[in-house]
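Listed here are the chains, written in short residue letters.
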Amino acid sequence: MSPPGSGQPGSQYKQEKSMRPVIDNDFLLHSDAAKALYHQYAEKMPIIDYHCHIDPQDIAEDRIYDNITQVWLGGDHYKWRLMRANGVSEEYVTGGAPDREKFQKFAAVMPKAAGNPVYHWVHLELKRYFGYEGELNEDTAEQVWQLCNERLKTLSVRKMIARYHVKVIATTDDPADALTAHEQIAADPDCKVKVIPAWRPDKVLNIHKEGAAAYLGKLSQAAGVEITGLDSLFAALSRRMDFFASHGCCASDHGLERTPCPAAKAEAEAVLTRVLRGEEVSREDAAQFQYVVMRFLAGEYHSRNWVMQLHMCATYGVNTFQQKKLGPDTGFDCIGSSCNVEHLAHLLTGLSADDALGKTILYSLNPNDLDLLAVLTGSFQQAGLAGKIQLGAAWWFNDTYSGIRAQLTAVANNSLLGNFIGMLTDSRSFLSYARHEYFRRILCDMVGGWMEQGMLSDNLKTWGRLVEDVSYHNVQRYFFQQ
């Protein structure tokens, strides 16, 4: 092994390459065709973020964060999990440690995060929002802290949104929500981004979870309908959907741990009756209830021309000890078992037979389901509506370099990549729009690679049009035109 500074090739490489920005102009673009596709086509496209978990109240107030810890580490499961993996005490993750100390603990994680998408996201965000091109680590933490905090004094959430030319944001909202923040945003002529609610009735469907009966009382009050059984539940839900539609809603979303199990209405009625009496029900009971309620909801979505999104196969709160200490949505979830394709096909078939199957996006957190779901979409398409049933974007734990490539490959192999509706943030952070750039670079690298390898023609205009469609035009048509 050569001594330090000997001038041997390894030493020279380190000296020459150390000045390169972490994120350079051609980041992830490994061919001339890929570079042309991204810089001439994908880079300029605006964003429609059709699924996220940001708080619309922050947009209404045009919030300004006090420091980078607030905007980066507040509610970000991805970063929390990495900090815990590095042995960081919970006091510095979700606890009460000073923000500066939390940031230092997170910065120390980055040199160990080779191959993790958070490393890429962090450095994309540092470059795009704060102009920092170096590497975040323990030694640079103070410099980055000062730089970001100075920039945040004037970088409000609306400016963060505008940086990536975001045109539409669909938040995630409970059926009983008053949508006050959405009303504030709609009434503000200075807000240039369109912000719409998305209907997320998980607390209705997860009837086996603690607090289900109390929630049904809350929903009853919001709808002005006393819920005593399935028919009154459906009436309450329909009334609330009308309210959401009046606020611009055009999408629903569902977090389903298991694929709903085929059941008759009487079985679901019995489950609901037990819950209303204050009794507990099992996951199996809930799966039957979910099937019947999903049949009703899907028909309502179709009649309103809403998009139905099914996020399946996540297992929530697997560390029950920590979950009880810290509460839900604190980063203790994992990939669940594979989809039950027979049950899912039964649901889609029943809806199709009833002419109640509308535009539908299928996501599974289990990566083994990619080809399964991509093939399943081909059995339920419709004449005159290209890509009606979609395999959703790489989601959550699959939102990685390899996961995005695997999802795009599954769509390309089994359907039409040119009809895919592209990326979403699925995030609670206003800086996460950089993930759309990450996705688009990977998309261009894949398509450009196929061009270079002779698997596609060398017609840049043809594949540039496909890249633009997947980046923006398809999702715009899917949600707002067809």
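What this report covers is the structure whose coordinates are included nearby. None of the values given here were measured: they were computed from a predicted structure. (Residues numbered from 1 in each chain as written. Predicted model: local features only at pLDDT ≥ 70, side-chain atom pairs only at ≥ 80, totals over all residues. Heavy atoms only, no water.)

Below, the discussion takes up the overall build of the chain. Counting its secondary structure elements, the chain contains 21 helices and nine strands. The C-alpha atoms of the chain give a radius of gyration of 24 Å, which matches the 23 Å a tight globule of 482 residues would have. Within the chain, the fraction of its 482 residues that count as buried is 56%. Across the chain, the fraction of contacts at a sequence separation of at least 24, relative to all contacts at a separation of at least 6, is 78%. If you sum the accessible surface of the chain, you get close to 20,400 Å²; carbon and sulfur atoms cover 49% of it. Each charge sign in the chain was given a centre, from 48 positive and 58 negative side chains, and these centres are 3 Å apart. (Helix = DSSP H or I, 4+ residues; strand = E, 2+ residues; numbered from the N terminus. Rg over C-alpha atoms; globule rule 2.2 N^0.38 Å. Buried < 20%, exposed > 50% of the residue type's maximum accessible area, 1.4 Å probe, protein only. Contact = heavy atoms within 4.5 Å. Areas by Shrake-Rupley, 256 points an atom, 1.4 Å probe, with all protein chains shown as cover. Lys, Arg positive; Asp, Glu negative; His and termini not counted. Charge placed at Lys NZ, Arg CZ, Asp CG, Glu CD.)

Going through the model one piece at a time under the given rule, you end up with two cavities of 30 Å³ or more. When its volume is computed, the largest cavity comes out at roughly 80 Å³. What lines the largest cavity is Asn206, His208, Glu257, Arg258, Arg283, Ala286, Ala287 and Gln290. Of the volumes computed, that of the second largest cavity is approximately 40 Å³. (1 Å grid on protein atoms, 1.4 Å probe; cavity = no way out; pocket = protein on both sides within 12 Å on 5 of 7 lines; lining within 4 Å. Points joined across faces, edges and corners; volume = space filled by probe spheres on them.)

Let us now look at helix α15 (residues 283-304). Along its 22 residues, α15 runs 30 Å from first to last C-alpha, staying within 8% of the 32 Å computed at 1.5 Å per residue. A positive backbone phi angle near 60° is found at Asn305, which sits one or two residues after α15. (Expected span 1.5 Å × (residues − 1).)

In this section: the pairing of strand β8 (residues 360-364). β8 sits mainly inside the fold: five of its five residues count as buried. In this sheet, strand β9 (residues 389-391) lies alongside β8 in parallel orientation, the contact comprising three bridges. By the bridge assignment, Ile361 is partnered in β9 with Gln390. Crossover connection from β8 via helix α18 (residues 370-377) to parallel β9: handedness right-handed. (Pairing = 2+ DSSP bridges. Right-handed = clockwise from strand over helix to strand, strands pointing away.)

Moving on, we get to helix α14 (residues 265-276). Between its first and last C-alpha, α14 extends 16 Å over twelve residues, near the 16 Å set by a 1.5 Å rise per residue. Burial in α14 covers these residues: Ala268, Val271, Leu272 and Val275. All buried residues of α14 lie within an arc of 95° about the axis, which places them on one face of the element. Residues of α14 that are buried make contact with α12 (212-223), α13 (230-245) and α15. In the segment just after α14, Gly278 is the residue with positive phi, at about 90°. (Arc of directions from axis to C-beta.)

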